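Chains, contacts and geometry: an overview
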Amino acid sequence: MRLVLLGPPGAGKGTQAKLLRDHFHIPHISTGDILRQAVTDGSVLGKQAKEYMDRGELVPDSVINGIVKERLAAEDCRAGFLLDGYPRTVAQAETLETTLEHRGLVLDAAVNLQVPRAELVARLSGRRTCRRCGAMYHLRFNPPARDMICDRCGGDLYQRADDREETIEARMEVYDTQSAPLREHFREKGLLREVDGAKGSDEVFEQILGALRKAA
Ligand code: AP5
Ligand code: MG
């Protein structure tokens, strides 16, 4: 299974990706997670990416495409993969398609999570993430049992730097202008599967599985 998860910031891509990864036993490749790790590590990539991420802008295609290309060449991607947060521009989608084509592969589906704007903002401003294991919480929708402590591993929870109000607004604008056109791109290829992402997590997951069964 070779999948792409589309949707605006806060649509639940990361949340659903973890469920899909466990269901299909395929690697979850999140460009956002890769970049945040690089920032934490203080690598050259992290230093380059941080200023864009802090402003809510996209990291240049030339940087991102190389990272994904290298990741997709790894052994664990042979049986499939799930991309979360990539592609994010039509140019990235075309690069991905060319990369796959050279290896005789095609995408199976691009799942788009639709969520109203007000709900996205509420989700992002209440999101908390575990620094140690990456588990995701929400102060209102999925709170941890103990304040700012991960239920799963006991690690500290933190708020992402780009989840501040001004940056959320910038990210939404970037999504509207640069990423929303991807829906049309994948619709034309017959790969787009629209899902109502405003429902609870389990229901959204069932809808995605249903959409993929229909596509098969
Ligand atoms: P990235 O990390 O990809 O961020 P994003 O696309 O803005 O999306 P988020 O991770 O914020 O949201 P999500 O859809 O994963 O939602 P989540 O599951 O966490 O990118 C960050 C930055 O990196 C970009 O701005 C850019 O600078 C750079 N970047 C990354 N990829 C790039 C690329 N390809 N090209 C260029 N630059 C790139 O859920 C959100 C919250 O809602 C959580 O608290 C969760 O618990 C809660 N929640 C989830 N589902 C539900 C539900 N069904 N009901 C109630 N609450 C829910
Ligand atoms: Mg995410």
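As a starting point, this report considers the structure included with it.

Calculation rules
Residues numbered from 1 in each chain as written. Chains lettered and ligands numbered in written order. Predicted model: local features only at pLDDT ≥ 70, side-chain atom pairs only at ≥ 80, totals over all residues. Heavy atoms only, no water. Helix = DSSP H or I, 4+ residues; strand = E, 2+ residues; numbered from the N terminus. Expected span 1.5 Å × (residues − 1). Buried < 20%, exposed > 50% of the residue type's maximum accessible area, 1.4 Å probe, protein only. Arc of directions from axis to C-beta. Contact = heavy atoms within 4.5 Å. Core = buried A, V, L, I, M, F, W, Y, C linked by side-chain atoms within 4.5 Å. Near = heavy atom within 4 Å. Polar contact = N/O pair within 3.5 Å; in protein donor to acceptor, adjacent residues only side chain to side chain. Areas by Shrake-Rupley, 256 points an atom, 1.4 Å probe, with all protein chains shown as cover. Nonpolar A, V, L, I, M, F, W, Y, C, P; charged D, E, K, R; others polar. Axes fitted to C-alpha atoms, helices over the stretch in contact; angles between N-to-C directions.

Across its 13 residues, helix α5 (residues 90–102) extends 18 Å between first and last C-alpha, which sits within 8% of the 18 Å expected from 1.5 Å per residue. Those residues of α5 not exposed but buried are Gln92, Ala93, Leu96, Glu97, Thr99 and Leu100. Seen from one end, α5 has its buried residues packed into an arc of 160°, which puts them on one side. Away from its buried face, by an angle of more than 90 degrees, α5 presents the exposed residues Glu101 and His102. In the core, the buried residues of α5 are packed alongside β1 (2–6), α4 (61–72), β3 (81–84) and α8 (181–188). Looking one or two residues beyond α5, the residue adopting positive phi is Gly104, at roughly 70°.

Further remarks concern the nonpolar core. One finds Leu35, Phe81, Leu83, Leu96, Leu107 and Phe186 to be the most contacted residues of the largest nonpolar core, which totals 27 residues. Among the secondary structure elements, those contributing two or more residues to this core are β1, α2 (31–41), α3 (44–55), α4, β3, α5 and α8. Considering each element in turn, this core owes the most residues, 5 residues, to α4. Not counting residues up to four positions away in its chain, the partners in contact with Leu107 are Arg2, Val4, Phe81, Leu96, Leu100, Phe186 and Leu191.

Now for the site of ligand 1. Residues in close proximity to ligand 1 total 34 residues, the closest being Thr15, Glu57, Arg88, Arg127 and Arg171. Thr31 is positioned with one of its side-chain polar atoms (N or O) 2.7 Å from a nitrogen atom of ligand 1. When ligand 1 sits alone it has 1,000 Å² of accessible area, and the protein chains cover 95% of it. Residues that form the shell around ligand 1 fall into these classes: 13 nonpolar, 11 polar and 10 charged.

This paragraph deals with the packing of helix α7 (residues 165–179) against α8. For any two helices packed against each other, the geometry comes down to the angle between their axes and how far apart the axes lie. Relative orientation of the contacting elements α7 and α8 amounts to 35°, with a least axis distance of 6 Å. Residue-level contacts link Tyr175, Asp176, Thr177, Gln178 and Ser179 of α7 to Pro181, Leu182 and Arg183 of α8. Taken together, the residues of the contact of α7 with α8 sort by class into 3 nonpolar, 3 polar and 2 charged.

Within the secondary structure layout, Gln16 lies in helix α1 (residues 13–24). Those residues in contact with Gln16 that lie beyond four places of it in its chain are Leu5, Leu113, Ser201, Val204, Phe205 and Ile208.

Limitation: the analysis is restricted to geometry and does not speak to function.
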